[in-house]
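# Examination of the molecular architecture
So you can see what is in the structure, the chains are spelled out below.
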Amino acid sequence: MNAAPFRPEELAARFQREYGAAPDGIWQAPGRVNLIGEHTDYNEGFVLPFAIDRTARVAVRVRGDLQVRLLSTYGDQGPASANLNQLEPESAKGWTKYPLGVLWALREAGITVPGIDLLLDSDVPPGAGLSSSHAIECAVISALNDLTSAGLTAQDMVLATQRAENGFVGAPTGIMDQSASLRGAEGHAVFLDCRDQNATLVPFETGPAGLVLLVIDTKVSHSHADGGYASRRASCQLGAEVLGVGALRDVQVGDLPEASGLLDETTFRRVRHVVTENDRVLQTVERLEAEGPSAIGLLLDASHASMRDDFEISCPELDLAVETARAHGAIGARMTGGGFGGAAIALTPVEAEPEVRSAVVRAFARAGYREPGIFTVSPAPGARRIA
Ligand code: GLA
């Protein structure tokens, strides 16, 4: 990751220096923050993420053979290379698994893709729960879609990048992150029904409400290819099976008392998180539409408590970030993303921002944790060609 992104002309000049020819174009795709709706996507439920103003950018040139060369602006030694006929799932290293995963998934879907030279630049912090990996994948698939005239719809691209994550990277993730990156729009969150991929843009502008949305990156890094994410997914699957539904989306809050008698204690709490979280997403959408962002704070708090106590995917650093932000003026806060590390968000009145920032930094220092990264985000446009 680079703190400050290269301008398109700088990236093109760097590409020319590295590969001896100009790129065919430059494509950009954002990371995302999930406002609410965690671990609901693979339960065919609801999510409300938005694309953020931090992006991955790829300069790409089509080659005449099946070679792929990959380079980033941050510190690699020479391009990594691969042959399209020899892409092996779970074999690629570091960030290169994301572009290679997309090429692999497209080929698996029967789409002919060419060899490419690629230069990546990104200012989405990796491991922070802001989906730096999907930002790369969505920039790459947008580039390939344009360069090959494959005519993929947003829905096709969402499923292909999910296939890349599940089948090549080895992370059993859902469809939320790439949906936000591909479908995001300035000033809006993306309300997504993960059963049919129906997406609606919901206005989410903090400025006019006198608020900012702070991201607190705990610097506790996590990977969804580790066991925690998969084990939560397995519990949800078990819960759905025992309750006799196709997916937990079909269980309502009013069904929970009965469900508690049918499930073991841990599975019941996992299920209760998903069921109540779906309900919170629907309430958040209603409140945003009727009253704006000032009305959603308590829903963010309840979401965090549910992830901490029922789904058990928080960690001490995330809990401290959330509690400290709330105690110093935020009107709502929660961890965001898959959990086990990464970032929290805190919806904060503009006038309380300095106090929240310094209180969180002080609390982390007192607890002996790494200094957190704290910055504001706002909803930004989704993936697109920029040069
Ligand atoms: C990760 C996954 C998403 C989603 C979230 C949890 O970000 O990539 O598909 O499951 O975790 O809400």
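Given the structure is predicted, the values throughout are model-derived calculations rather than measurements. (Residues numbered from 1 in each chain as written. Predicted model: local features only at pLDDT ≥ 70, side-chain atom pairs only at ≥ 80, totals over all residues. Heavy atoms only, no water.)

## Some words on the pairing of strand β8 (residues 211–217)
Summarising burial for β8: 7 of the 7 residues are buried, a large majority. Burial of β8 is two-sided: the residues Leu-211, Leu-213, Val-215 and Asp-217 facing one way and the residues Val-212, Leu-214 and Ile-216 facing the other way are all buried. Bridge count for β8 against strand β10 (residues 343–349) is 7 bridges, and the pairing is antiparallel. Within β10, the position partnered with Leu-213 by the bridge is Leu-347. (Buried < 20%, exposed > 50% of the residue type's maximum accessible area, 1.4 Å probe, protein only. Helix = DSSP H or I, 4+ residues; strand = E, 2+ residues; numbered from the N terminus. Pairing = 2+ DSSP bridges.)

## Some points on the domain arrangement of the chain
Assigned domains of the chain: these are domain 1 (8–202 + 381–385) and domain 2 (205–377). Taking the mean C-alpha position of each, domain 1 and domain 2 sit 25 Å from one another. Across the contact, 36 residues belong to domain 1 and 46 residues belong to domain 2. Summing both partners gives a buried area of about 3300 Å² for domain 1 against domain 2, and 66% of it is carried by carbon and sulfur. Contact with domain 2 buries surface across domain 1, with Ile-36, Glu-38 and His-39 losing the most and accounting together for 19% of the total. At the surface where domain 1 touches domain 2, the tally comes to 3 salt bridges. Between Glu-38 and Arg-334 there is a salt bridge, and its shortest N-O distance comes to 2.6 Å. (Domains from an automatic or database assignment. Contact = heavy atoms within 4.5 Å. Buried area = accessible area lost by both parts, 1.4 Å probe. Salt bridge = Lys/Arg side-chain N within 4 Å of Asp/Glu carboxyl O.)

## What to know about helix α4 (residues 154–169)
Counted at 1.5 Å a residue, the expected span for α4 with its 16 residues is 22 Å, and the 21 Å between its end C-alpha atoms agrees. Those residues of α4 lying buried are Met-157, Val-158, Ala-160, Thr-161, Gln-162, Ala-164, Glu-165, Gly-167, Phe-168 and Val-169. Buried-residue contacts for α4 involve α2 (97–108), α3 (132–148) and α5 (176–183). After α4 finishes, the residue Gly-170 shows a positive phi value of roughly 95 degrees. (Expected span 1.5 Å × (residues − 1).)

## Things to note about the site of the ligand
The immediate surroundings of the ligand are formed by 14 residues, with Glu-38, His-39, Asp-41, Asp-177 and Tyr-229 found nearest. Arg-32 is positioned with one of its side-chain polar atoms (N or O) 2.9 Å from an oxygen atom of the ligand. Between the ligand and the protein, one listed contact pairs an oxygen atom with a side-chain N or O atom of Asp-177 at 2.5 Å. A majority-of-atoms criterion places the ligand in the largest cavity. Classifying every residue of the shell around the ligand by side-chain character gives 4 nonpolar, 6 polar and 4 charged. Viewed by domain, the shell around the ligand spans two of them, domain 1 (8–202 + 381–385) and domain 2 (205–377), each represented by three or more residues. (Near = heavy atom within 4 Å. Polar contact = N/O pair within 3.5 Å; in protein donor to acceptor, adjacent residues only side chain to side chain. 1 Å grid on protein atoms, 1.4 Å probe; cavity = no way out; pocket = protein on both sides within 12 Å on 5 of 7 lines; lining within 4 Å. Sits in = over half its atoms within 2 Å of the grid points. Nonpolar A, V, L, I, M, F, W, Y, C, P; charged D, E, K, R; others polar.)

## Thoughts on the sheet that holds strand β9 (residues 332–336)
Ordered by their spatial adjacency, 4 strands build an open sheet running β9-β10-β8-β11, and the pairing between neighbours is antiparallel. On the outer flanks of this sheet lie β9 and β11 (373–377), each paired with one strand and no other. The sheet shows a mean angle of 25 degrees between the axes of neighbouring strands, direction not considered. Where β9 and β10 come together, 5 bridges link them in antiparallel fashion. Across the sheet, Thr-336 pairs through a bridge with Ala-343, a residue of β10. (Axes fitted to C-alpha atoms, helices over the stretch in contact; angles between N-to-C directions.)

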